[in-house]
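Chain and residue survey
This is what each chain is made of:
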Amino acid sequence: MFEVYSLTGMAAHLIILLLFSVLKGVHSITTVSKVSVEAGKSISIPCLYESQYINHVKYLCEGYYWNFCRYAVKTNKADPSGKYSISDDKNQKVFTVTINQLAHKNTDYWCAVEINGEVDDKQYFQLSVTTGTPSLYVDHQRITGYIGKSITIRCHHSNSGEMKWCRLGRNCVTGSSGSIDGTTLTAHMRDPNVFTVTMSGLKSEDSGWYWCAKGDIQIPVYLTVTEKPNTIMISTASTVSRTTHTVAGSETIIKMEQWNNSTVVENKENRVSFDPMILIIPLSVLIWIVIVVLLIWFILRRKQSKADSSVTPTAEEEIIYSDVRPKKRSLAKVDKEVTYSEVRPKEKSSAKRSFAESEMEILYSSVVTKQRMERHTRRSVTSVV
């Protein structure tokens, strides 16, 4: 009786161990099941593993049958062809494989973890390689959000089925609202063939792999949540040297740069700096105004020159001036001699002059005859009287 009981207990113990190992194998690696990708493009696939595999070698195996698949890339051995790459994030316990230049023959793969002395853990996924637009895709497979802010993801689809947004290894949201790890999530399909997901009140813990699903097709999306950067620039007079300092604090990196005695504090958000466009636009307007004013001035100056030229005489004449001076003589003779002076215009040949202008000569004469004899006669008469 005791022996039967011992055998029964041993059998039950073995069954429990077997069930535990089976369940453990089922849940040891988690990944997507089917992804639609355009031929010639690249895709990154996340593979979530359990804590006991942190220090194990991870790899990607290509082929439909596990026993006949071939190593594509391993964490301890890079792919020399560059078609495959792999990285291991031990903090989040996720290794990521990237497949480049996809072809129609690249469709069946396994995420796997090496187990020394035992059968390796693995999980199968399939790629649906299309010649045109994939049946489900996102604008960017890697996106960045900021702590306390919101982020929106647009999942474009052309196939039928239930739409949902899930976090790798966690829960999914299928309706118009819900939450994942305490982060509020809303979803809608207002645009045709677009499933829009908005995550609000982001936390740093929300960083990780998610996936959008429509029917049996999924597309992985990696979200990075970080502090929103700020930028402050302080500038002083410059003269001599340049020094660069980097200060890190509270998840914000501030870059302080001294250049020619100038101090610049930089951090990538709101840049309090000088924008050249502030001067370019007014300067362009000012240049146009100056050009217009100069053009108007030139036109007015030209008109004024034409008006002045029309006032000048048509006949170009040269005037010869001559002085008339009396020649002194004795009292017995006449006081002055008259000197005649003639002023003639110097005519120039011009086909356009009128007859009167071309033939006319102007003669000026001056006669001065002042005799002193008249004075003597007057004096004699006065004496007689």
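Quick look at the structure, then. (Residues numbered from 1 in each chain as written. Predicted model: local features only at pLDDT ≥ 70, side-chain atom pairs only at ≥ 80, totals over all residues. Heavy atoms only, no water.)

Mapped onto the fold, serine 150 is located in the loop between β11 (142–146) and β12 (151–157). Serine 150 sits in the partly exposed class, given a relative accessible area of 47%. Linking serine 150 and glycine 201, residues 51 residues apart in sequence, is a C-alpha distance of 5.9 Å. A polar contact is formed between the side chain of serine 150 and the side chain of serine 200, at a distance of 3.4 Å. (Helix = DSSP H or I, 4+ residues; strand = E, 2+ residues; numbered from the N terminus. Buried < 20%, exposed > 50% of the residue type's maximum accessible area, 1.4 Å probe, protein only. Polar contact = N/O pair within 3.5 Å; in protein donor to acceptor, adjacent residues only side chain to side chain.)

This paragraph deals with the pairing of strand β13 (residues 163–167). Burial runs high along β13: four of the five residues are buried. Strand direction decides the pairing type here: β13 and strand β18 (residues 208–214), joined by five bridges, are antiparallel. Within the sheet, the bridge partner assigned to cysteine 166 lies in β18 and is tryptophan 211. Bridge count between β13 and strand β14 (residues 172–173): two bridges; the pairing is antiparallel. Residue pairing across strands places tryptophan 165 opposite valine 173, the latter belonging to β14. (Pairing = 2+ DSSP bridges.)

A few words on the pattern of salt bridges. Evaluation of the coordinates by the stated rule reveals eight salt bridges. Put simply, lysine 74 and glutamate 114 hold a salt bridge, and the shortest N to O gap is 2.7 Å. With lysine 74 in strand β5 (residues 70–74) and glutamate 114 in the loop between β8 (108–113) and β9 (121–130), this residue pair connects regions lying 40 residues apart in the sequence. For lysine 74, a relative accessible area of 16% gives the class buried. (Salt bridge = Lys/Arg side-chain N within 4 Å of Asp/Glu carboxyl O.)

Turning next to a nonpolar patch on the surface. Taken together, Leu283, Leu286, Ile287, Trp288, Val290, Ile291 and Leu294 make up a surface patch of nonpolar side chains, about 720 Å² in accessible area. Topologically, tryptophan 288 is positioned in helix α2 (residues 277–311). With relative accessibility at 59%, the residue tryptophan 288 sits in the exposed group. (Patch = residues over 30% accessible without salt bridge, like charges linked within 9 Å, V, L, I, M, F, W, Y side chains within 5 Å. Areas by Shrake-Rupley, 256 points an atom, 1.4 Å probe, with all protein chains shown as cover.)

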